[in-house]
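Structural overview
Residues per chain, in single letters:
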Amino acid sequence: MKIAVFSTKPHDRRGLEAANAAGNHELYFHEARLRPHSSRLAENRDAVCVFVNDELSEESIADLAGYGVRFIALRCAGFNNVDLTAAAKYGLQVVRVPAYSPYSVAEHAVALILTLNRRVHKAYNRVREGNFELRGLEGFDLHGKTVGVVGTGNIGKVFCRIMNGFGCRVLAFDPFPNPDCEALGVEYVALEELLGQSDIVSLHCPLSPQTHHLINANSLEQMKQGAMLVNTSRGGLVDTPALIGALKSGRIGGLALDVYEEEADLFFEDLSGEIIDDDLLMRLTTFPNVLITSHQAFFTHEALREIAETTLRNLTDLENGRSCPNQVVAV
Ligand code: NAD
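Here goes a summary of the coordinates provided.

Criteria and thresholds
Residues numbered from 1 in each chain as written. Predicted model: local features only at pLDDT ≥ 70, side-chain atom pairs only at ≥ 80, totals over all residues. Heavy atoms only, no water. Helix = DSSP H or I, 4+ residues; strand = E, 2+ residues; numbered from the N terminus. Contact = heavy atoms within 4.5 Å. Areas by Shrake-Rupley, 256 points an atom, 1.4 Å probe, with all protein chains shown as cover. Lys, Arg positive; Asp, Glu negative; His and termini not counted. Charge placed at Lys NZ, Arg CZ, Asp CG, Glu CD. Pairing = 2+ DSSP bridges. Axes fitted to C-alpha atoms, helices over the stretch in contact; angles between N-to-C directions. Salt bridge = Lys/Arg side-chain N within 4 Å of Asp/Glu carboxyl O. Buried < 20%, exposed > 50% of the residue type's maximum accessible area, 1.4 Å probe, protein only. Near = heavy atom within 4 Å. Polar contact = N/O pair within 3.5 Å; in protein donor to acceptor, adjacent residues only side chain to side chain. Nonpolar A, V, L, I, M, F, W, Y, C, P; charged D, E, K, R; others polar. Right-handed = clockwise from strand over helix to strand, strands pointing away. Phe/Tyr/Trp six-rings, centres within 6.5 Å; stacked < 30°, edge-to-face > 60°. Lys NZ or Arg CZ within 6 Å of the ring centre and 35° of its normal. Core = buried A, V, L, I, M, F, W, Y, C linked by side-chain atoms within 4.5 Å.

Some points on the overall build of the protein chain
Of the regular secondary structure elements, the protein chain holds twelve helices and 13 strands. Projecting the C-alpha coordinates of the protein chain onto the three principal axes gives extents of approximately 60 × 50 × 35 Å. Restricting to contacts in the protein chain with at least 6 residues of sequence separation, those with at least 24 account for 65%. Accessible surface, the protein chain: about 15800 Å² in total, of which carbon and sulfur atoms supply 50%. Averaged over its 30 positive side-chain charges, the protein chain has a centre that lies 4 Å from the centre of its 42 negative ones.

Here's the deal with the sheet that holds strand β4 (residues 71-74)
With mixed pairing, the six strands of this open sheet are ordered in space as β2-β1-β3-β4-β5-β13. Two strands in the sheet have a free side with no partner beyond their single neighbour: β2 (26-29) and β13 (327-328). Pairing analysis gives four bridges linking strand β3 (residues 47-50) to β4, with the strands arranged parallel. Bridge pairing in β4 places valine 50 opposite leucine 74. Contacts between helix α1 (residues 10-19) and the sheet are confined to β1 (2-5), β2 and β3, with β2 contributing the most and set at about 175° to the helix. Running over the sheet, helix α12 (residues 301-319) touches β1, β2, β3, β4, β5 (93-95) and β13 and is turned about 160° from β4.

Some details on the pattern of salt bridges
The tally for this structure, following the rule as stated, stands at 15 salt bridges. The closest approach of N and O atoms between aspartate 265 and arginine 35, which form a salt bridge, is 3.8 Å. Of this pair, aspartate 265 sits in the loop between β11 (252-257) and α11 (279-285) while arginine 35 is found in the loop between β2 and β3, placing the two residues 230 residues apart along the sequence. Residue aspartate 265 is classed as exposed on the basis of its relative accessible area of 54%. Assessed through its relative accessible area of 26%, arginine 35 is described here as partly exposed. Two residues, aspartate 317 and arginine 322, come together in a salt bridge whose shortest N-O distance is 3.0 Å. Through salt bridges with shared partners, a single ionic network connects Arg33, Arg35, Glu55 and Asp265.

Comments concerning the site of the ligand
Lining the immediate environment of the ligand, one finds 24 residues, of which Tyr100, Asn154, Ile155, Asp174 and Thr232 sit closest. The backbone of threonine 232 places a nitrogen or oxygen atom 2.9 Å from a nitrogen atom of the ligand. Starting from 870 Å² of accessible surface for the ligand in isolation, the protein chains cover 85%. Residues that form the shell around the ligand fall into these classes: twelve nonpolar, nine polar and three charged.

Here we look at the pairing of strand β10 (residues 227-231)
The element β10 is largely enclosed, with a buried count of five among its five residues. Of the two faces of β10, the one holding Ala227, Leu229 and Asn231 and the one holding Met228 and Val230 are both buried throughout. For the crossover that starts at strand β9 (residues 200-203), traverses helix α9 (residues 217-222) and ends in the parallel β10, the hand is right-handed. Direction of pairing for β10 relative to β11: parallel, over a ladder of five bridges. Bridge pairing in β11 places methionine 228 opposite glycine 254. Read from β10 through helix α10 (residues 240-249) to β11, the crossover connection turns out right-handed.

A look at the packing of aromatic side chains
A complete count under the given rule lists three aromatic pairs for this structure. In textbook terms, an aromatic cluster arises when at least three aromatic residues are bridged by ring pairs, as seen for Phe51, Phe268, Phe298 and Phe299. Over the aromatic face of tyrosine 28 sits the side chain of arginine 45, whose NZ or CZ is 3.5 Å from the ring centroid.

Structural notes on the sheet that holds β9
What the seven strands build is an open sheet, ordered β8-β7-β6-β9-β10-β11-β12; its pairing is parallel. Each end of this open sheet is capped by a strand with a single partner; those strands are β8 (187-188) and β12 (290-292). In the packing of helix α6 (residues 154-165) onto the sheet, contacts are made with β6 (146-150), β7 (169-173) and β9, and the angle to β6 comes to roughly 175°.

Things to note about unusual backbone geometry
Its identity is not glycine, yet histidine 213 carries a phi of approximately 55°, on the positive side. Position of histidine 213 relative to the elements: it lies in the loop between β9 and α9. Residues other than glycine seldom take positive phi values, yet histidine 295 does so here, at roughly 50°. Note on placement: histidine 295 falls in the loop between β12 and α12.

With respect to the nonpolar core
Nonpolar side chains in soluble globular proteins tend to end up buried together. Val48, Val50, Leu56, Leu64, Ile72 and Val94 are the most contacted members of the largest nonpolar core, which totals 29 residues. For this core, the elements supplying multiple residues, two or more each, are β3, α2 (58-66), β4, α3 (84-89) and α12. Here this core gets three residues from one element, more than from any other, and that element is α3. Discounting residues that sit within four places of it in the chain, valine 50 has contacts with Phe6, Leu34, Leu56, Ile72, Ala73, Leu74 and Arg75. Of all hydrophobic cores here, the second largest spans 28 residues; its members include Leu191, Leu203, Val238 and Val290.

Next comes the structure, spelled out in structure tokens:
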């Protein structure tokens, strides 16, 4: 199969070439993001292979169909960037990698919590400059704290296990409670109760029309004063202006983000020499209690290998007319 790979970074190329060592597919790598004006790069290809910030809108999908593309392979779990109804309308099949390494994302969420709480990022810089003072570095014990987990699927479950290991009380909200979490002692409660009781709230649900801005001015008001919010899921789950308000009022005592609603034109690029025209993101970076990483939670050796192998296996299934367990369809 001829596959146009969009948003290619060196690690994507390495991983996909290794997974394609037998040469079953022809891979055409493009650094460009897939958007309506770049879809022509997929002319005469059977499939496009895309990532989190490629735009699979109806316009892009109609173009792709016109160029002969039949398959869309996401090399990620979330599929909020694909118009599934349009894909069905134009006869394109969509596959994803639902569970490449839940540990990668759950562990990154924990890394953010520990770093932000114990100010490791600040201590690192201080010590390098010969400043050995402790002032401002005080944190809190995780042991005994209440952690609220929104979404207990693959990643949320691993995150619950880790927080349980720290000796935290774990509350969860999910329309479909996970028996593995219940067995662990995780208590399922209504979202409002979770927000009101948790010292740390971590988001692990997908972005959908139902979850868009799940964290907004109203839900932030329901949070415990000074609680920490962690988002390693999708930026659109939170309303950024409302977050800034909650940081200014002290309602949110710590904020850790690996994703940002307007990340598409920023994340994964070196813009250190540029003027960044995003006043909300820039405002967030000025708070001393905000820690931001640029969508790197998935970025482990194990996850990259699994993503590449599953992506090509998904496409091989579709090419051979086999049913693929990782196909996603509009509901
Ligand atoms: P999953 O499908 O296994 O689990 C999602 C869970 O969320 C399910 O249990 C579902 O019932 C629940 N859910 C759905 N709607 C909900 C709602 N309104 N409130 C609460 N829970 C709800 O998915 P996963 O593999 O655990 O991944 C979760 C999300 O993490 C993905 O959708 C993706 O957006 C994000 N993700 C981020 C990265 C990263 O690098 N930052 C990497 C992978 C995945």
